[in-house]
Amino acid sequence: MRIAISGTYSSGKTLTSYALAHYVGIPRTRARTMRELLPEAVPGKTLEQCTAAELVQLIVRRHVDRAVHESRFEGSFISDGSSLQEWIYGAVRVVVGINPNDSVHLSELESVERTADIRVFDAVMEQLGVAFKQHVKQTYDVFVHLPNELALAADGHRPVNERFRSMADERLLEVAAELGIPAHVVGGTVEERLVEIARLFDLPALMSPEEAIAKAQAEYEALDMRTESDRASVIVR
């Protein structure tokens, strides 16, 4: 079974995917995060400083990184997100702007001005969506969707707001349905998520949820979670 842990920013995908892999013994794919890709893609910039063209580069890089890692598995695997995630994060910016925090003053029914740059970005994202959807439909058997129920992590890396998160969350489920991929919404604590996911797919638990989460937290804390500005300040010193 090829499982994608779906959800928007700060829904808990990474920790849940790490813990689930330990809990049920299904390997987890290892694709680099946007934060890990930034230093080589756009050195010295944070995600919110990226231009539309740079965002397209990052979206394509992460999709390719996912596809490469996924291709190494012949059987079951657990994926932290999917290529739909990157594409939708880009597509939503057609409405809220390249940096969503610049449009927080707009109402739910308003969108940013459709400048020439936004129109080009929209056309590019539409075409990327064709390829990304095809890849996702061929790659995953099921989505486990984590609802947008947690507070946005205040780590300075996510140039998004609640409107962006809600729009992305809704769109993820819409596209999963469009592609005919079953999507099970699983909320609650990480412990509750693990137990429910194992129950949904009749997967044996290899350890307690607490033990799986402890292992996952150790792996998560080993990731380089600094922003690019933080990394640069260390280099300067």
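Here, the structure is the one placed above.
What you see is a predicted model, and the numbers here were worked out from it, not measured in a lab. (Residues numbered from 1 in each chain as written. Predicted model: local features only at pLDDT ≥ 70, side-chain atom pairs only at ≥ 80, totals over all residues. Heavy atoms only, no water.)

Sorry if this is basic, but what is going on with the sheet that holds strand E3 (residues 142-145) here?
Spatial ordering of the open sheet is given by E2-E1-E3-E4, a layout of four strands whose pairing is parallel. Each of the sheet's edge strands pairs with one partner strand only, and the pair in question is strand E2 (77-80) and strand E4 (183-185). With direction set aside, neighbouring strand axes in the sheet form an average angle of 25°. Its contacts with the sheet put helix H1 (residues 13-24) on strand E1 (2-6) and E2, and the angle it makes with E2 is roughly 165°. (Pairing = 2+ DSSP bridges. Helix = DSSP H or I, 4+ residues; strand = E, 2+ residues; numbered from the N terminus. Axes fitted to C-alpha atoms, helices over the stretch in contact; angles between N-to-C directions. Contact = heavy atoms within 4.5 Å.)

Whenever I open this one, the pattern of salt bridges confuses me. Can you help?
In a structure, side chains of opposite charge can pair up when their charged atoms sit close to one another. What the rule picks out here adds up to 15 salt bridges. Here Glu40 makes a salt bridge to Arg32, at a shortest N to O gap of 2.8 Å. For Arg32, a relative accessible area of 28% gives the class partly exposed. With its nearest N and O atoms 2.7 Å apart, the salt bridge here joins Glu196 to Arg199. Placement of the pair is Glu196 and Arg199 together in helix H8 (residues 190-200), with a separation of three residues, close to one helical turn. Of the residues examined, Glu196 reaches a relative accessible area of 27% and is grouped as partly exposed. A single network of salt bridges, built from pairs that share partners, joins Arg32, Glu40, Arg61 and Asp65. (Salt bridge = Lys/Arg side-chain N within 4 Å of Asp/Glu carboxyl O. Buried < 20%, exposed > 50% of the residue type's maximum accessible area, 1.4 Å probe, protein only.)

I'm lost on the pairing of E3 in this one. Help?
A regular strand carries its side chains on alternate faces of the sheet. By the alternation rule, side chains of E3 split into Val142 and Val144 and Phe143 and His145, which are all buried. In terms of strand pairing, E1 meets E3 through four bridges, oriented parallel. From the neighbouring strand, Ala4 faces E3, where its bridge partner is Phe143. In terms of strand pairing, E3 meets E4 through three bridges, oriented parallel. Directly across from His145, in E4, lies its bridge partner Val185.

Where do I start with the nonpolar core in this structure?
For soluble globular proteins, nonpolar side chains are generally found buried alongside one another. Counting residues in each nonpolar core, the largest one holds 36 residues, and the members touching the most others are Leu58, Leu84, Trp87, Ile88 and Phe143. For this core, the secondary structure elements donating two or more residues are helix H2 (34-41), helix H3 (52-70), helix H4 (83-91), helix H5 (93-96), helix H6 (116-139) and helix H7 (162-179). Setting aside residues up to four positions removed in sequence, Ile88 forms contacts with Ala168, Arg171, Leu172 and Val175. (Core = buried A, V, L, I, M, F, W, Y, C linked by side-chain atoms within 4.5 Å.)

How do you make sense of the packing of aromatic side chains when you look at a structure like this?
Working definition: an aromatic ring pair is given by the centre-to-centre distance plus the angle between the planes. Summed over all chains, the structure comprises six aromatic pairs. When the centroid spacing of 5.7 Å and the interplanar angle of 45° are considered together, the rings of Phe73 and Phe77 count as tilted. Using a relative accessible area of 2% as the deciding quantity, one classes Phe77 as buried. Between the aromatic rings of Phe77 and Tyr140, the centroid separation amounts to 6.2 Å while the plane-to-plane angle is 70°, which identifies the pairing as edge-to-face. Of this pair, Phe77 sits in strand E2 while Tyr140 sits in the loop between H6 and E3; the two residues are 63 residues apart in sequence, bridging distant segments of the chain. One aromatic cluster in this structure is built from Phe73, Phe77, Tyr140 and Phe143. Against the face of Tyr18 rests Arg28, its NZ or CZ located 3.8 Å from the ring centre. (Phe/Tyr/Trp six-rings, centres within 6.5 Å; stacked < 30°, edge-to-face > 60°. Lys NZ or Arg CZ within 6 Å of the ring centre and 35° of its normal.)

I keep staring at a nonpolar patch on the surface and nothing clicks. Help me out?
A contiguous nonpolar surface patch, about 190 Å² in accessible area, is contributed by Val60, Val64 and Val68. If you trace the backbone, Val68 turns up in helix H3. (Patch = residues over 30% accessible without salt bridge, like charges linked within 9 Å, V, L, I, M, F, W, Y side chains within 5 Å. Areas by Shrake-Rupley, 256 points an atom, 1.4 Å probe, with all protein chains shown as cover.)

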